[in-house]
Amino acid sequence: MPNRPSLPPTLYTEEYFRHACEGYDEFNESQGERLSRRLASAFEVAEIAAGMKVLDVGCGRGEIVRHCAQLGADAFGIDYAPVAVAMSQSVLGVFDGGKTGVGQADAKNLPFPSNYFDRVLMFDVVEHLYPWELHQSFVDVRRVLKPNGLLVIHTAPNVWYDRYAYPFVRLFRTLNGEGAKYPANPRLLNVAINADVHVNEQSGLSLWRAVRAAGFTPKKVWLDSPPQNRNEGKLLATLRKFLFEAPPFRWFFEREVFTVAKK
């Protein structure tokens, strides 16, 4: 089967970045000074330190590049959507911090020398790349990383949730009279555009295999979920805790996938 063509960058508009892309509420309120829970968790795992060289692949609005520079790193961002580059440059243009740079580039062909970066970050990017694109991107990320450099990934949703857990969740909610809130296609649950731009959602296992196929050594792969903050009875709360914390059920019910891989 021939490789499917890349998604057109015109799908990623300012409207998308301000009203659909993870962390948009925090960005709109603070212009990048504050990160969402999900982005903050992924950023913390990266352990950015002063003097590092860091690349943010799919930098979007630019807030991750900004936070890297605030810690004293030389931080660079690339995105293939012109709107994202313009938004990032705007954010960084008013920021007085460490060395930064943002440019338009393809994740499959990074415009940097080999063995250059201590960290490469890919937050909420891999689900937008077809499998052939993701492999090429990982191979080139490995090229630009220094020996023992780290690739840090966050992606959502966990595809095992959508495929295997969501049908039961939807059935349960329908029996409770909440079916209208749970469409048959889980990609339409929160952000409708995800049905168009999410082309390669991952499980923990598939992401582990993908980084290994590109020559990385996975250090850690784990799952997490956003806080539910539901007002539920004791029985339902107990069931939720069990499904989200006990293997193997949590492998299917957790919503987010994190990976740290070493060159």
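Residues numbered from 1 in each chain as written. Predicted model: local features only at pLDDT ≥ 70, side-chain atom pairs only at ≥ 80, totals over all residues. Heavy atoms only, no water.

> I would appreciate a short explanation of the overall build of the protein chain in the present structure.
When its secondary structure is counted, the protein chain shows 11 helices and seven strands. Computed over its C-alpha atoms, the radius of gyration of the protein chain comes to 19 Å, within 12% of the 18 Å expected for a compact globule of 263 residues. Oriented by its inertia axes, the alpha-carbon framework of the protein chain measures out at about 55 × 40 × 35 Å. Relative to its full complement of 263 residues, the protein chain shows a buried share of 48%. (Helix = DSSP H or I, 4+ residues; strand = E, 2+ residues; numbered from the N terminus. Rg over C-alpha atoms; globule rule 2.2 N^0.38 Å. Buried < 20%, exposed > 50% of the residue type's maximum accessible area, 1.4 Å probe, protein only.)

> What exactly am I supposed to notice about the nonpolar core here?
The tendency in soluble globular proteins is for nonpolar side chains to be buried side by side. Residues Leu55, Val120, Met122, Phe138, Leu151 and Phe216 are the most contacted members of the largest nonpolar core, which totals 29 residues. Where this core is concerned, the elements lending two or more residues are β1 (53-57), β2 (74-79), β4 (117-123), α6 (131-144), β5 (145-155), α9 (204-213) and β7 (256-262). Residue contributions to this core peak at four residues, all from α6. Once residues lying within four places of it in the same chain are set aside, the contact partners of Phe216 are Phe138, Val141, Arg142, Leu145, Leu151, Val211, Ala261, Lys262 and Lys263. Counting 24 residues, the second largest nonpolar core, distinct from the first, contains Val65, Ala69, Phe123 and Leu150. (Core = buried A, V, L, I, M, F, W, Y, C linked by side-chain atoms within 4.5 Å. Contact = heavy atoms within 4.5 Å.)

> I'm lost on the side chain of Glu26 in this one. Help?
Inspection of the secondary structure puts Glu26 in helix α2 (residues 24-30). Although Glu26 is buried, it forms no salt bridge, and the closest oppositely charged side chain is Arg34 at an N-O distance of 4.3 Å. (Lys, Arg positive; Asp, Glu negative; His and termini not counted. Salt bridge = Lys/Arg side-chain N within 4 Å of Asp/Glu carboxyl O.)

> Please clarify how the layout of surface pockets should be interpreted in this entry.
One way to see where empty space is left: roll a probe the size of a water molecule over the atoms. For the second largest pocket, the calculated volume is near 160 Å³. Lining the second largest pocket are Trp160, Gly204, Leu205, Val221, Trp222, Leu223, Arg250 and Trp251. Mapped onto the lining of the second largest pocket, the elements with two or more residues apiece are α9, β6 (217-224) and α11 (250-253). Take the lining of the second largest pocket: its biggest share by element is three residues, from β6. (1 Å grid on protein atoms, 1.4 Å probe; cavity = no way out; pocket = protein on both sides within 12 Å on 5 of 7 lines; lining within 4 Å. Points joined across faces, edges and corners; volume = space filled by probe spheres on them.)

> Is there a simple way to think about helix α7 (residues 159-175) in this case?
Counting along an α-helix, one turn takes 3.6 residues, and residues three or four places apart therefore face a common direction. With 17 residues, α7 extends 24 Å from end C-alpha to end C-alpha; this agrees with the ideal 24 Å at 1.5 Å per step. The largest bend in α7 comes to about 55 degrees, at Ala165, with the proline Pro167 one to four residues further on. All buried positions along α7 are accounted for by Val159, Tyr161, Asp162, Ala165, Tyr166, Val169 and Arg173. For α7, the elements touching its buried residues are α10 (234-245) and α11. Following α7 by one or two positions, Gly177 adopts a phi angle in the positive range, close to 85 degrees. (Expected span 1.5 Å × (residues − 1). Bend = angle between axes of the 7 residues up to and from the residue.)

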